Structures are given as C-alpha cells and as structure tokens.
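Secondary and tertiary structure notes
Here is what each chain is made of, one letter per residue.
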Amino acid sequence: MNTPRSFLFSPGNSRRKIEKGAVSAAHALVLDLEDGVALSAKPEARAVIRQAAQELDFGDKLCLVRLNGVKSALLNDDLAALAGAGLDGYILPKVESAAEIQQLHQLLNEAGEPDAIIYALLESALGVIHAPEIAAFPTLRGLMFGGEDFVASIKGKATAERSEILYARSALVTAARAYQLEAIDTIYIDYDDLEGLSREAKFARTLGFSGKFCIHPQQVELVNSGFQPSAAEIATAQAIVSAYEEHFKHGIGVFSFEGRMIDEAVVQQMRQLL
Amino acid sequence: MNTPRSFLFSPGNSRRKIEKGAVSAAHALVLDLEDGVALSAKPEARAVIRQAAQELDFGDKLCLVRLNGVKSALLNDDLAALAGAGLDGYILPKVESAAEIQQLHQLLNEAGEPDAIIYALLESALGVIHAPEIAAFPTLRGLMFGGEDFVASIKGKATAERSEILYARSALVTAARAYQLEAIDTIYIDYDDLEGLSREAKFARTLGFSGKFCIHPQQVELVNSGFQPSAAEIATAQAIVSAYEEHFKHGIGVFSFEGRMIDEAVVQQMRQLL
Amino acid sequence: MNTPRSFLFSPGNSRRKIEKGAVSAAHALVLDLEDGVALSAKPEARAVIRQAAQELDFGDKLCLVRLNGVKSALLNDDLAALAGAGLDGYILPKVESAAEIQQLHQLLNEAGEPDAIIYALLESALGVIHAPEIAAFPTLRGLMFGGEDFVASIKGKATAERSEILYARSALVTAARAYQLEAIDTIYIDYDDLEGLSREAKFARTLGFSGKFCIHPQQVELVNSGFQPSAAEIATAQAIVSAYEEHFKHGIGVFSFEGRMIDEAVVQQMRQLL
C-alpha cells in the first residue's frame, strides 16, 4: 500500500459517521474512542466500532481506532472489546514516553494482535521533548501530532500563522524521519475554510509530514491532493533523474540543470517525489 | 497569587529605581546584582537591596533578586548579604545545567531559606540544549530566556523579526511547560518602541510564555495587557465551554461551533484562558 | 587565521575546477571525493587531489577534502591516498553519531595526521537529532549543514522560504555554538540567483552561522560580504563599547544608548562583531 495521506476521524459512537467515512476517499479511517466520545458513551462506542469493523467494507482504507491513553484506566476495556474485530491498528493518544508504546505493544501481544499497526499521537510538551526516544521504539508505524492539545499544554494561543507549533511540528517530523516513520500532521480546525486547509496541507508536506488528520469528509480530497506532487513537479523530477543517470555513467556526480546544481542529494529528493 | 506577567528590572545599586519599581504596576520586581551592576558596585548594591527589601512596601509584587551566576565567585557573597532580608526568591543567571540549580538550592538551604522561589535564566546555546534537564529539576518555579546573551552566545545578530531566537524561545517554552513551570520571555530592548513591545508581548503569549521581562516602567502596562485575553476572547471561550458541557451531558465529546470543531483539547485551551 | 566564511566545493576529479578554486577569494576549498564524484571516478579523483595538494598554491586558504562517509566502505582508500599530501583537514559527510567522528579521528591518528582539522557534515534527521552529542566530541572544528540531503531525509520539499530547514539550521547552530565550534550553512542551489544568495548569506549570519558553502566561484564574494558587518554596524558597535567602558568605570553596568538598553549581553554581541 502507498503511504496514507488522509486520516479521517469518525466518533466511535456514530455508526452513521463511520459509514460516511467508509465510503469517503480517505486513506485511513480513525474510529475514535478518546476525546470525541464522552465518558458515558465509551461502552456504546466500543460496541459500535466492533460491529462496524465486522460489517462494513472499508475498501483498501487503513482502519484504525484511536484508543484511550495509557494513563486513562480505559485502555484495557478498549482492547478487550476490540481484539479480534479485524482492525488494522491503533493510535495511542497523549504519548509522553516510549514506555507507553511498550505497554500497548505488550497488551496487544496478550490480546493476540502482535502485528497490529501502532501510531503514537504526541500532543504535549513532554511528548515533543521525548519524540526521539518514542520514535526509536522498534514497532512503531508513525508519529502523529495533536496541535490543539499541544497548544493547551504549552498554555499558548492558536493563531492563523501557527508560529506557536512550528518548532513542535519540525521536532516531531525530524524524530519520525530519523527512524523511518510516517509523520502525520494535526487537524485543521476550521472545516469550512477549504483554501486554508489546502495551504496548510501543502505546507505540511514541505515540512516532511507524510499525511494529515481530517475532521470532516470534505477535507479529505484537499489533503490527498495537498500531499500529491503536481504534474510539473513530476516532469522536472523525471528530467533531473534522467540527466543524473546520464552524467553518472561518465563519472560525473554533480552537474548543472536549468541554473541549479544537481547532485545525489537533489536526486534523492526527486526519486522520493516520483 | 495569579501568574506574574511583568518582571521589571531595577539595578540593585539604585535605591531610586527600586522605589520607582515598588510603586509600578509590575507583577514582579527583579533587583539586579548581575550584569546591570559593575563589579566595583556590587557590595553597595547588596546593601541597597537588603535595606530596600526591609524598608519598602512592594504590595503584592513578587520581590526577586537576580544573583550572580554559579561560575562567578560572587554568589556566596550575594547570598550572605541577602539571606533573611525577606525577599521572595532568586533568579540564577547563565544557567547551563541542572547541577547549578542544585548548587543554589543547597546554598539556600544552608542560608535558612529552603522555600525561596528559584527561577533559572537560560541565555546561552548550552543552556538551551540542557533546558529539558534543567526544567526537570524539582524545585524550580520557572525558566526565563535571556535573548541578548543568547544571540551573543550563538554569534548571531539580533534582528527586528527575531528569527534568530525563535527556535530557542520555543525550545525553552516546551521544556518549561513539560514540567509545569512558568516561562518568561526576554527583554524588549528598544524601550521607546511601545508598539513593537506590545506586538512582541502578544506574540510571546501565543508561543506559550507566561510573562516577560521589562527594562523600563513604561513597558509594564503593555506587558501586563499583552498577556491578558481580550473581552471577545473571553466571551468566546465561555460560550465554547458552556456548549461543551451541554454536549458532554449527552455523551458527545466533539461538536461544531461557528464552523470550528470543538473537542476536549480546544476546551482545555479555553479553560486556561479563563 | 580569521574565521573562514566561504567554503567552495570543487569536484575532486576536475583539476581545472580545483585550479579555479585555488585562485578564487574563497576562505576554504572543499575538494570533493563524495557526492560530486561518481563511484567509477573516485580513484582518479583521489590521485587528482593528491597531486593538486602538492603542486598548487592555495595561498592562505584552508584546504579541505570532503571524504566519503564512515558507512561507505570508501573511507580507508580515501585516507590511504591522501595521508601526507599536505591537506589542512577533512569534512566527514553524513555524520549521525559522535562514534563516526571518533572513528575518523582514530584513522587519522594511524595515518600520521593527528592534528588534521575535522568538520562534521550533518545532513539527515538522525544527524540533527544527535547534533549536541556530535558537537561535544572534543576534536571537532565545526558542524556543517547539508540542507538538500536533510530535506530528502525528512521527505520534505525544498522551498524558496526554506521553512522546512529553519528548525534544523537553528538546532545545528545551537549545538555547534554550545561547544565553541564553527557552524557552516548549506549550499544555495540556484547559483545564478545572486540576490537570493546574498539574502540567504546575511540571514545565515543572523542565525549564528559562521560561514556557508559555495558551489560556484561567483558565489564566493557574496558569501564573504554577507558575513561581514557593514560600516554602519561597526561604527555603532564601537560607540556602544566605548560608552559601556565609560559607564563601567563609574560602577554602572546598564545604561541607555539611542533609545536602547545596553548591558553586558549587548556589549558582548558588539565585541564579537568587531
């Protein structure tokens, strides 16, 4: 499967929204048991998710559940209800140490799901500080960034420019990429501002994120396309790679292409794009 | 006491400036024994501060002294002169390791002031690198950022845009907030540029700083108000929290409010603002 | 010797380009054995460099070779060919740990060049994460940033604004300066865009870089001047330092100068500039 770009949230207690997610263009569905579901509704949500996972056709979407965190005392009940339901994997929220991933890994082993995908959602100052040690934990698929919780954690203020999360975004991407993990960007909260979303998805791609959370089906296409290189980018990349291979045959590792210096590093960027 | 926003410097050897500080609207006074006082004037400054601390009425201001650093060979004399003078606490400058905080903590214990407040002023590249370990030291009240010294330390150049300190500011805030500490932003050097100051105070608030140093009494009000949410922000925050509580009763943890998605994370930001 | 500003790359297998570099205004020449030279051309490049090092007059330029990395299986052959050729030092590319510097240091000892200068080129997410531990290795002269490789490593996208490398640049500078090392900025790839280069060199200086790579002789002068303070800056710096020394005689460590507060930290910046 290709790298998933769009991760669409659906509240775990809404069969209707899960069904809408299942027919959306999202690359991954996030069936939520955590902050999108109030405490009183968690048992119902577990049952709804289990049934949906067994009945619905998710196509080639990644089907993930956002669990409650290790410190919540709800995690064991989440896993007891969901084990064996055929989910692809889990998102562990509010992660602040590698020990929490270790704990989930252990619980999944005991639940007979040793190969379930695990994403770590980092959304606090402490989580960002520990991002490198978390990313180094061997069984992880990706780091995800929870920007709204992070801003609450640093007692900052969310702005349109998002300067308050630039450091955390880059720190998280750098940690994730250092260990060959996916890096998933935070939600875009104003779900009617599609232009702003599109700009932010493209920006997240430049920063090194591989995908982005969505909170509404109408965000999905723009996130997918925001992480997609344009036709012009692809054409340039192909031309540069071809020119590089031609030069390389003659022992030349660095050359000029339309006023830019091309070497191995640039070619590597182009190959990733293709 | 509420979180202090404005930390006003007064040179320790100027009784007149200390008196002006005492009647200002600053939330905290910083009586300086360090870089604001030349070596020859330090003994006089210690005596002036001791007498001022005993004679002046500081209202509900936090009364702090910026000591000389652990590496300066002046710290023992500072504490010998000030112990028991009734100060609220101390700012340790040029901190580069948790061991320095440990050392001050030990000296304060010996001086009979085990409960004095300690802030760590980080103002070098090495201090910023060690910010997480410093913030983790158990008895600290806050981290403070010395931007001018930091720029000298990295051999950079201070600019109006302040790109050269954005990384360090965010690194320091993230470390401070990871351990539930206050985070105090650097001075604004052009003390006649009140508009620039106001912009910078508001920006520092978005980044997660809880307060900011002042070098002139005319800066105090703008720093206080820069960290204060506007009436419109407060009204919105109250409406969001009310709506969240109403939804929560019905098992709903995520809902729509004026085109934005509201969940626990957003509500936490709003509660902090209130 | 003064701090070198411009580090000009020449492919190691091009005697002609090495000769052009030798007569350029670059402060340091980087004779490349790594990505600028295809695998088949490496033996020839080693011979060309050895001969050039022995025959050409490099004036007071620093004469460096960019070796192949520790993981490349080419490094021993590089050093066997170059030891004793009279080079000033080496740039180790793709460094991701202090152990790699240790390994080169050991090899240089064995090759009879214990005092050769070593720069570490960091150009991956993991390298940036380990920048502090690498910088702390005792025998290093500087950290260098490989921006194009770094962008490939985080799977980001190179933009004109360079937001995607701001974090890594500041992290690298902070690590380098924490251990009194030089910090050399990445190349500017569009070698015909001299205005953009000049802007970027000046910006790199504000961030704390001490110099910058060049990929074309026409970039050298602009890099040299971009790291040079202007006449007005120098005049202001001299006036501030004089005023500070005058005040200091009277016990005053902080004073006002043209609407700005001057203290030890500002004076330290000014002294570095001079």
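Quick look at the overall build of chain A
- The helix and strand tally for chain A stands at 12 helices and 10 strands.
- For chain A, the C-alpha atoms occupy an extent of roughly 65 × 40 × 35 Å along the three principal directions.
- A sequence separation of at least 24 residues applies to 66% of the contacts in chain A between residues at least 6 apart.
- Counting only carbon and sulfur atoms, one obtains 51% of the accessible surface of chain A, whose full area is about 10300 Å².
- Within chain A, the 36 negative side-chain charges are centred at a point lying 3 Å from the centre of the 25 positive side-chain charges.

Some remarks on the pairing of strand 4 (residues 89–92) of chain C
Residues and elements named next belong to chain C.
- The alternating pattern of strand 4 places Gly-89 and Ile-91 and Tyr-90 and Leu-92 on opposite faces, both of which are buried.
- Note that strand 3 (residues 62–66) and strand 4 share three bridges and pair parallel. When the bridges of strand 4 are listed, Leu-64 appears paired with Gly-89.
- The pairing of strand 4 with strand 5 (residues 117–122) spans four bridges and is classified as parallel. Counted as the bridge partner of Tyr-90 is Ile-118 from strand 5.
- Handedness of the crossover is the feature at issue here: the chain leaves strand 4, passes through helix 4 (residues 98–110), returns alongside strand 5, and the resulting connection is right-handed.

Details of the packing of aromatic side chains
- With the rule as written, the count across this model stands at 21 aromatic pairs over all chains.
- On the basis of an interplanar angle of 25° and a centroid distance of 4.9 Å, the ring pair of Phe-9 of chain C and Phe-213 of chain C is categorised as stacked. With Phe-9 of chain C in strand 1 (residues 6–11) and Phe-213 of chain C in strand 8 (residues 211–214), this residue pair connects regions lying 204 residues apart in the sequence. Across the pair, Phe-213 of chain C and Phe-9 of chain C agree in class, each one buried.
- A network of ring pairs unites the aromatic residues Phe-7, Phe-9, Tyr-119 and Phe-213 of chain A as a single cluster.

Thoughts on the sheet that holds strand 7 (residues 182–185) of chain C
Residues and elements named next belong to chain C.
- Read around the closed barrel, eight strands run 1-2-3-4-5-6-7-8, paired in parallel fashion. Going across the sheet, the axis of each strand differs from the next one's by a mean of 25°, ignoring polarity.
- Sheet analysis places strand 1 next to strand 8, joined by three bridges and oriented parallel. Bridged to Leu-8 within strand 8 is Cys-214.

Overview of the interface of chain C and chain B
- Contact residues are listed per partner, giving 33 residues for chain C and 36 residues for chain B.
- Across the chain C/chain B interface, buried area totals approximately 2800 Å², and carbon plus sulfur atoms make up 63% of it.
- For the interface between chain C and chain B, the tally reads two salt bridges.
- The salt bridge involving Glu-233 of chain C is made with Lys-157 of chain B; its shortest N-O contact spans 3.6 Å.
- Within the residue set of the side of chain C that touches chain B, elements represented by two or more residues are helix 8 (163–178), helix 9 (194–207), helix 11 (231–249), strand 10 (260–262) and helix 12 (264–273) of chain C.
- Residues belonging to the side of chain C that touches chain B are distributed by class as follows: 16 nonpolar, 11 polar and six charged.

Focus: helix 12 (residues 264–273) of chain B
- Residues Ala-265, Val-266, Val-267, Gln-269 and Met-270 of chain B constitute the buried set of helix 12 of chain B.
- Tucked into the core, helix 12 of chain B has its buried residues touching helix 7 (147–153) of chain A together with helix 11 (231–249) and strand 10 (260–262) of chain B.
- The opening residue of helix 12 of chain B is Asp-263 of chain B, an N-cap whose side-chain oxygen sits 3.1 Å from the backbone nitrogen of Ala-265 of chain B.

Overview of the sheet that holds strand 7 (residues 182–185) of chain A
All names here are of chain A.
- The strand order around the closed barrel formed by eight strands is 1-2-3-4-5-6-7-8, and the pairing between neighbours is parallel. Here the average twist between neighbouring strands, direction ignored, is 25°.
- Taken strand by strand, helix 8 (residues 163–178) contacts strand 5 (117–122), strand 6 (142–145), strand 7 and strand 8 (211–214), and its axis lies near 175° from that of strand 6.

Quick word on the domain arrangement of chain A
- As assigned here, chain A comprises domain 1 (6–226) and domain 2 (231–273).
- Averaged C-alpha coordinates put domain 1 of chain A and domain 2 of chain A at centres separated by 36 Å.

Some details on the relation of the copies chain A and chain B
- With an axial shift of 0.0 Å and an RMSD of 0.0 Å, the rotation relating chain A to chain B amounts to 120°. Such values leave the two copies arranged in the relation of a three-fold axis. Closest approach to the rotation axis within chain A is made by the C-alpha atom of Tyr-167 of chain A, at a distance of 3.8 Å.
- In this assembly, only 6% of the residues forming the interface of chain A have copies in chain B that are likewise at the interface, indicating a heterologous arrangement.

Here we look at the nonpolar core
- In this structure, Leu-143 of chain A, Leu-143 of chain B together with Leu-143 of chain C are the most contacted members of the largest nonpolar core, which totals 214 residues.
- Ignoring any residue separated from it by four or fewer positions in sequence, one finds Leu-143 of chain C in contact with Ala-120, Leu-122, Ala-131, Ile-134, Ala-135, Leu-172, Ala-175, Ala-176, Leu-181, Glu-182, Ala-183 and Ile-184 of chain C.
- Counting 31 residues, the second largest nonpolar core, distinct from the first, contains Phe-9, Ile-91, Ile-117 and Tyr-191 of chain C.

What about the pattern of salt bridges?
Residue and element names in this part refer to chain B.
- Counted under the stated rule, the structure contains 67 salt bridges over all chains.
- The salt bridge involving Glu-195 is made with Arg-199; its shortest N-O contact spans 4.0 Å. Here the residue Glu-195 and the residue Arg-199 both occupy positions in helix 9 (residues 194–207), the gap between them amounting to four residues, near one helical turn.
- Looking at Arg-199, the relative accessible area reads 54%, which means it is exposed.
- The closest approach of N and O atoms between Glu-245 and Arg-271, which form a salt bridge, is 3.3 Å. With a gap of 26 residues between them, Glu-245 in helix 11 and Arg-271 in helix 12 connect regions that are remote in the sequence.
- Exposure remark for Glu-245: the relative accessible area of 42% places this residue in the partly exposed category.
- Looking at Arg-271, the relative accessible area reads 42%, which means it is partly exposed.
- Here the salt bridges share partners, and the residues they tie into one network are Asp-32, Glu-34, Asp-35, Arg-66, Lys-94 and Glu-123.

Examining the state of the cysteines
Residue and element names in this part refer to chain B.
- For the structure on display, the rule yields zero disulfides over all chains.
- Sulfur of Cys-214: no disulfide; nearest cysteine sulfur belongs to Cys-63 and is 15 Å away.
- Looking at Cys-214, the relative accessible area reads 0%, which means it is buried.

What to know about the confidence of the model for chain A
- Residues with a pLDDT of 70 or more make up 100% of chain A, whose mean pLDDT is 95.
- Reported for the predicted complex are a pTM of 0.95 and an ipTM of 0.94.

Quick notes on the interface of chain A and chain B
- Contacts between the two partners involve 36 residues from chain A and, on the opposite side, 33 residues from chain B.
- It is Ile-129, Lys-157 and Tyr-167 of chain A that lose the most area in chain A upon contact with chain B, and together they represent 21% of the buried surface on that side.
- For Asp-190 of chain A, the salt bridge is made with Arg-260 of chain B, and the minimal N-O distance between the two is 4.0 Å.
- Elements with a minimum of two residues in the side of chain A that touches chain B: helix 5 (125–129), helix 7 and helix 8 of chain A.
- Each residue belonging to the side of chain A that touches chain B can be placed in one class, and the counts come to 20 nonpolar, eight polar and eight charged.

Comments concerning the side chain of Thr-159 of chain B
- Tracing the sequence through the fold places Thr-159 of chain B in the loop between helix 7 (147–153) and helix 8 (163–178).
- Not counting residues within four places of it along the chain, the set of residues in contact with Thr-159 of chain B comprises Glu-164 of chain B together with Thr-206 of chain C.

What counts as what
Residues numbered from 1 in each chain as written. Chains lettered and ligands numbered in written order. Predicted model: local features only at pLDDT ≥ 70, side-chain atom pairs only at ≥ 80, totals over all residues. Heavy atoms only, no water. Helix = DSSP H or I, 4+ residues; strand = E, 2+ residues; numbered from the N terminus. Contact = heavy atoms within 4.5 Å. Areas by Shrake-Rupley, 256 points an atom, 1.4 Å probe, with all protein chains shown as cover. Lys, Arg positive; Asp, Glu negative; His and termini not counted. Charge placed at Lys NZ, Arg CZ, Asp CG, Glu CD. Buried < 20%, exposed > 50% of the residue type's maximum accessible area, 1.4 Å probe, protein only. Pairing = 2+ DSSP bridges. Right-handed = clockwise from strand over helix to strand, strands pointing away. Phe/Tyr/Trp six-rings, centres within 6.5 Å; stacked < 30°, edge-to-face > 60°. Axes fitted to C-alpha atoms, helices over the stretch in contact; angles between N-to-C directions. Buried area = accessible area lost by both parts, 1.4 Å probe. Salt bridge = Lys/Arg side-chain N within 4 Å of Asp/Glu carboxyl O. Nonpolar A, V, L, I, M, F, W, Y, C, P; charged D, E, K, R; others polar. Polar contact = N/O pair within 3.5 Å; in protein donor to acceptor, adjacent residues only side chain to side chain. Domains from an automatic or database assignment. Least-squares fit on C-alpha atoms with pLDDT ≥ 70 in both. Core = buried A, V, L, I, M, F, W, Y, C linked by side-chain atoms within 4.5 Å. Disulfide = S-S within 2.5 Å. pLDDT = per-residue confidence, 0-100.

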